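# Descriptive analysis of the structure
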Amino acid sequence: MSTLTVDDRAPISAWRPYVSQLWQRREFGWFLAMGNLRARNASTLLGLFWWIVNPVLMALIYFVVFGLIFPGTRGAEHQFLSYLMSGVFVFNFVATSMTSGANSILANSRLLVNIRFPRLILPMSAIFETSVGFLASLLVFYLIAWPVNGIAPGWTLLALPPVFLASAIFNLGLASLTARLAIPFRDINNLIPHITRLWLYLSPIIWPVAFLESLPTWAERIFKANPMYSMLEAYRFVLMGRPLGRNEVIMLAIWVVVIGFGGILSFVRFEGNMVRYL
């Protein structure tokens, strides 16, 4: 069985057998994801529920600190808890994908050495795993947001499939990039928590979008160029019915192409050299 490697600078048609191999092994990817999902919290009392409990607890802690103790941070945001939860859930989806992607190759090094298969299936299994927890957290979002802020599912929920697909491709590209970097540079696993923490504070999760209006134009443009900005705006449109501008849609599409497909391409072209680093 052949797979694309870094030396296969081939046209688009050369990707067809690779994509075909991925499709043939989709059940293997799903089985691997579900096995990791069960094993990760197998020894805990709540087990799989920790995938939902963790982001909920994180959102509630931020709400206590920035919504109750330091309410000035929330600005004029009257639906702060729902605003905060939507941001934390989406960001947790992205951050967990980065971490899982970085570990996906190193944790399965023996598998890579002994079996030939498209290596992209490993970052994909990480996305399958994180997607299950994320989609479940959206149900929890409404269970809390509906009674607290009166936010119920509306017609904008119909846009969830394309928005989720866009974020899943973005996350796969991000997971592929971290997986590709973690092989020759093992220190990336120690850097990711610091990168994600900085990314969290630079994104409109704890602070409201209205804060950007007080910034100079150049600074506002920099903040809005953040991939998380357009992704959060898209999900808040879906979950909360908030307005979504054309610029945010365009920026999200650009980041999906640059990070999503760019990360996948970088990973696939490097996968032929992975074994020598393991």
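Scroll up to find the structure.
Below: a short report on this structure. Quick caveat: nothing in here was measured; it's all calculated off a predicted structure.

The subject of this paragraph is the nonpolar core. Leu84, Met85, Phe134, Phe141, Phe170, Trp199 and Tyr235 are the most contacted members of the largest nonpolar core, which totals 51 residues. Those elements that provide at least two residues to this core are helix H3 (50-69), helix H4 (80-106), helix H6 (121-149), helix H7 (160-182), helix H8 (188-202), helix H10 (227-240) and helix H11 (246-270). Per element, the largest residue contribution to this core is 13 residues, and it comes from H4. Contacts of Phe134, omitting those with residues within four sequence positions, involve Phe89, Val90, Phe93, Phe164 and Tyr235. One finds Tyr18, Leu22, Met124 and Val268 within the second-largest nonpolar core, a separate group that totals 18 residues.

Once that is clear, we can look at the packing of aromatic side chains. Working definition: an aromatic ring pair is given by the centre-to-centre distance plus the angle between the planes. Scanning the entire structure with this criterion turns up nine aromatic pairs. Each ring, one from Phe93 and one from Phe134, has its centre 4.4 Å from the other, and the planes form 5°; the classification is stacked. Remark: Phe134 occurs in helix H6 and Phe93 occurs in helix H4; sequence separation between them is 41 residues. Here Phe93 matches Phe134 in class, with each residue buried. Between the aromatic rings of Trp155 and Phe237, the centroid separation amounts to 6.0 Å while the plane-to-plane angle is 80°, which identifies the pairing as edge-to-face. With Trp155 in the loop between H6 and H7 and Phe237 in helix H10, this residue pair connects regions lying 82 residues apart in the sequence.

Running from N to C, H4 and H7 point in directions that differ by 40°, and their axes come no closer than 7 Å. What the angle tells us is that H4 and H7 run oblique. Handedness of the crossing formed by H4 with H7: right-handed. Together, Phe93, Val94, Ser97, Met98, Gly101, Ala102, Ser104, Ile105 and Leu106 of H4 and Phe164, Ser167, Phe170, Asn171, Leu174, Ala175, Thr178, Ala179 and Ala182 of H7 make up the contact between the two elements. Its residues placed into classes, the contact of H4 with H7 shows twelve nonpolar, six polar and no charged.

Mapping Glu233 onto the fold places it in helix H10. Despite its burial, Glu233 pairs with no opposite charge, the nearest such side chain being Arg236 at 4.4 Å. The residues contacting Glu233, other than those within four sequence positions of it, are Val209, Pro243, Leu244 and Glu248.

Further remarks concern the packing of H7 against H8. Two quantities define a packed helix pair, namely the angle between the helix axes and the distance between the axes. The N-to-C vectors of H7 and H8 enclose an angle of 145°; their axes lie 10 Å apart at closest approach. In contact with Phe170, Leu174, Thr178, Leu181 and Ala182 of H7, H8 contributes Ile188, Ile192 and Trp199. Grouping the amino acids of the contact of H7 with H8 by side-chain chemistry returns seven nonpolar, one polar and no charged.

Our next topic: H8. Note that an α-helix has 3.6 residues per turn; residues three or four places apart therefore point the same way. For H8, spanning 15 residues, the distance from its first C-alpha to its last is 20 Å, which sits close to the expected 21 Å at 1.5 Å a residue. Ile188, Ile192, Thr196, Trp199 and Leu200 are the residues of H8 that are buried. All buried residues of H8 fall inside an arc of 115° around its axis, so they share one side. Projecting away from the buried face of H8 at angles above 90 degrees are the exposed residues Asn190, His194 and Leu198. Here the buried face of H8 lies against H3, H4, H7 and H10.

Procedures and definitions
Residues numbered from 1 in each chain as written. Predicted model: local features only at pLDDT ≥ 70, side-chain atom pairs only at ≥ 80, totals over all residues. Heavy atoms only, no water. Core = buried A, V, L, I, M, F, W, Y, C linked by side-chain atoms within 4.5 Å. Buried < 20%, exposed > 50% of the residue type's maximum accessible area, 1.4 Å probe, protein only. Helix = DSSP H or I, 4+ residues; strand = E, 2+ residues; numbered from the N terminus. Contact = heavy atoms within 4.5 Å. Phe/Tyr/Trp six-rings, centres within 6.5 Å; stacked < 30°, edge-to-face > 60°. Axes fitted to C-alpha atoms, helices over the stretch in contact; angles between N-to-C directions. Parallel < 35°, antiparallel > 145°, perpendicular 65-115°, else oblique. Left-handed = near helix turned anticlockwise from the far one by under 90°. Nonpolar A, V, L, I, M, F, W, Y, C, P; charged D, E, K, R; others polar. Lys, Arg positive; Asp, Glu negative; His and termini not counted. Salt bridge = Lys/Arg side-chain N within 4 Å of Asp/Glu carboxyl O. Expected span 1.5 Å × (residues − 1). Arc of directions from axis to C-beta.

Geometry only, nothing functional implied.
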